[in-house]
Amino acid sequence: MGTDHTSKIVGTVWGLLILNTLGSAGAETIVPLPRSLIQMVTMGALAVAFTLALAVNLRLRIRASAFVFLLTLLLVPSVISSADLESGFGALFRCARLALFVGTLWLLSRWWDGGLTFVRHHIRMYFAVLASVAAGAVLSPGAAMPELYGGRLVGALWPLTPPQIGQYAAVIIGLAVLLLLGRRTDRVSAAVVIVPALVLLALTHTRTATLGLLIGLVLAIGSLFLTSAAARRFFAWAVLCAAVAAVGFGSALRAWFLRGQSEENFTSLTGRAKVWDALLAAPRTTSEHLFGAGLGDKSFGGLPIDNSWLAVYHEQGMTGVALVAAVIVVLGGVALLRPPSLPRACAIFLISYCAIASYTEAGLGDASPYLLHLAVAASLLAVPAAAPAATAEVPRRPVPRWAQSSEVT
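Residues numbered from 1 in each chain as written. Predicted model: local features only at pLDDT ≥ 70, side-chain atom pairs only at ≥ 80, totals over all residues. Heavy atoms only, no water.

A closer look at the environment of Thr51
As a reminder of what qualifies: Starting at the N terminus, helices and strands are each numbered in turn, a helix being any DSSP run of H or I of at least four residues and a strand any DSSP run of E of at least two. A 3.5 Å cut-off defines polar contacts: any pair of N or O atoms within that distance qualifies, except that in protein one atom must be a possible hydrogen donor and the other a possible acceptor, and neighbouring residues in sequence count only when both atoms are side-chain atoms.
Tracing the chain through its elements places Thr51 in helix H2 (residues 35–55). It is 8.5 Å that separates the C-alpha atoms of Thr51 and Thr104, two residues lying 53 residues apart in sequence. There is a polar contact of 2.9 Å between the side chain of Thr51 and the backbone oxygen of Ala47.

As for unusual backbone geometry
Even without being glycine, Leu60 reaches a positive phi, approximately 55 degrees. Residue position: Leu60 is located in the loop between H2 and helix H3 (66–82). The phi dihedral of His205 falls on the positive side, at around 55 degrees, and the residue is not glycine. Position of His205 among the secondary structure elements: in the loop between helix H8 (187–204) and helix H9 (207–224).

Quick notes on the layout of surface pockets
Selection criterion: For cavity detection a 1 Å grid was placed over the protein atoms alone, and a set of points counts as a cavity when a 1.4 Å probe fits there but cannot get out; an open set counts as a pocket when protein lies on both sides within 12 Å along at least five of seven lines, with lining residues being those that have an atom within 4 Å of a point. Grid points are joined across faces, edges and corners, and a volume is the space filled by probe spheres set on the points. When residues are sorted by character, Ala, Val, Leu, Ile, Met, Phe, Trp, Tyr, Cys and Pro go into the nonpolar class, Asp, Glu, Lys and Arg into the charged class, and all the rest, Gly among them, into the polar class.
As a volume, the second largest pocket reaches approximately 960 Å³. Those elements that provide at least two residues to the lining of the second largest pocket are helix H7 (162–181), H8, H9, helix H10 (229–248) and helix H11 (250–258). By residue number, the principal contributor to the lining of the second largest pocket is H10, which donates nine residues. For the lining of the second largest pocket, a count of residues per class yields 24 nonpolar, one polar and no charged.

Section: empty space enclosed by the protein
Applying the stated criterion across every chain yields a total of one cavity of 30 Å³ or more. Considered as a void within the structure, the largest cavity measures approximately 30 Å³ in volume. As for the largest cavity, its lining consists of Pro163, Gln167, Thr206, Thr208, Ala209, Tyr353, Ala357, Glu361 and Tyr370. Broken down by secondary-structure element, the contributors of at least two residues to the lining of the largest cavity are H7, H9 and helix H16 (342–357). Residue composition of the lining of the largest cavity, by class: five nonpolar, three polar and one charged.

Considering a positive patch on the surface
Note the cut-off: Patches in this entry comprise residues that are over 30% relatively accessible and not in a salt bridge; like charges within 9 Å are linked, as are nonpolar side chains (Val, Leu, Ile, Met, Phe, Trp, Tyr) within 5 Å. We get accessible surface area from the Shrake-Rupley algorithm with a probe of 1.4 Å; when it comes to residues, only the shown protein chains can shield them. A pairing counts as a salt bridge when a side-chain nitrogen of Lys or Arg comes within 4 Å of a carboxyl oxygen of Asp or Glu. Positive charges come from Lys and Arg, negative ones from Asp and Glu, while His and the chain ends are left out of the count. In plain terms, the charge of a residue is placed at NZ if it is Lys, CZ if Arg, CG if Asp and CD if Glu. We call a residue buried when its accessible area falls under 20% of the maximum for its residue type, exposed when it is over 50%, and partly exposed in between, using a 1.4 Å probe and counting protein chains only.
Taken together, the side chains of Arg183, Arg187, Arg232 and Arg233 make up a positively charged region of the molecular surface. Within the secondary structure, Arg232 sits in helix H10. Residue class for Arg232 comes out partly exposed when judged on its relative accessible area of 34%.

Focus: the pattern of salt bridges
Evaluated as defined, the whole model comprises three salt bridges. Residue Glu315 is joined to Lys298 by a salt bridge in which the shortest nitrogen-to-oxygen separation is 3.1 Å. Here Glu315 is found in helix H15 (residues 308–337), whereas its partner Lys298 is found in the loop between helix H14 (286–291) and strand E1 (299–300), with 17 residues between them in sequence. Grouping residues by exposure puts Glu315 and Lys298 together as buried. Salt bridges sharing common partners tie together Lys298, Glu315 and Asp366.

Functional significance is not addressed by these values, which are geometric in nature.
Here it is as structure tokens:
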């Protein structure tokens, strides 16, 4: 099988994993899509992704990866807590999904070599998702910015919420900026990705994604500061533009950031704090404290938890929290130990973005876009496989004339 053909299949597998993690909840679409149909498509995408990954890696060649190993360990508390069916049969189904998801990552780890291949796959696939969001906004502006979501941009062709769209836009903006600074793409190609994504991010009014983008880029560009003149110039211009924007558009930025909320609603994180307090105050058995209540829909009392750490604590217990924390610490530690480079900067951006978003978004303990972001970071931090050493030519010993056979005529 040719290298180009294999690369295309690997890219297809990555796209199917992204499709699987888009979810099935969101605003009403222009053409009503039954949730059962959406779930069938997303789960079918995961099954096809695993099958294709297995087809191109029949010999099961995998790379040692602390990231995927920790995700494999995360299956243990997930299965233990879901086995008693306290959360229903859906918990076991989610465990099977997580197992298939992790298995696909193991199969893809063969191609994790510290290069930018998966970064490019990531940008292309999420840009395609955002293109569908933009198309929905053009076809039906009312459906794309419904009053139910306060006029924020949603997916009108595929049910996507404003935080999802903001997350996808922020991630590809950050990666595209870093590729431009590292001269791995030209300005036109970068602008084609960055400018539309910035517009969509602004229309979602997603504060978490915006803060994650800004802080992640500061940390990533800071890692290149001493070795890249382009990074230093970009940082200087960014600081100047931010100062001008703060002075000239301070009131508009504040209004965008508050989204018309009252101070009380803003300080309670749009009601999230009340759900968090109720979750922490709920009585738990020792088993639930250690292993959680089983994989669910990341909600408590019918309300979304919107915090990765509390969602993991609720569903996978303190064991799950320790494993997820180990994922962040290990990836972050490896990134800090690597010498300055563009792959390292991209990994730092993705890790820091996921860490920041984990405070107001759930997903680090289950198959989600956040685990895919971290998987890309793991691929960037992988050490390239050493090329097989060339076999040294053994010098031939001279053969004396008397031992040489004479030519037979």
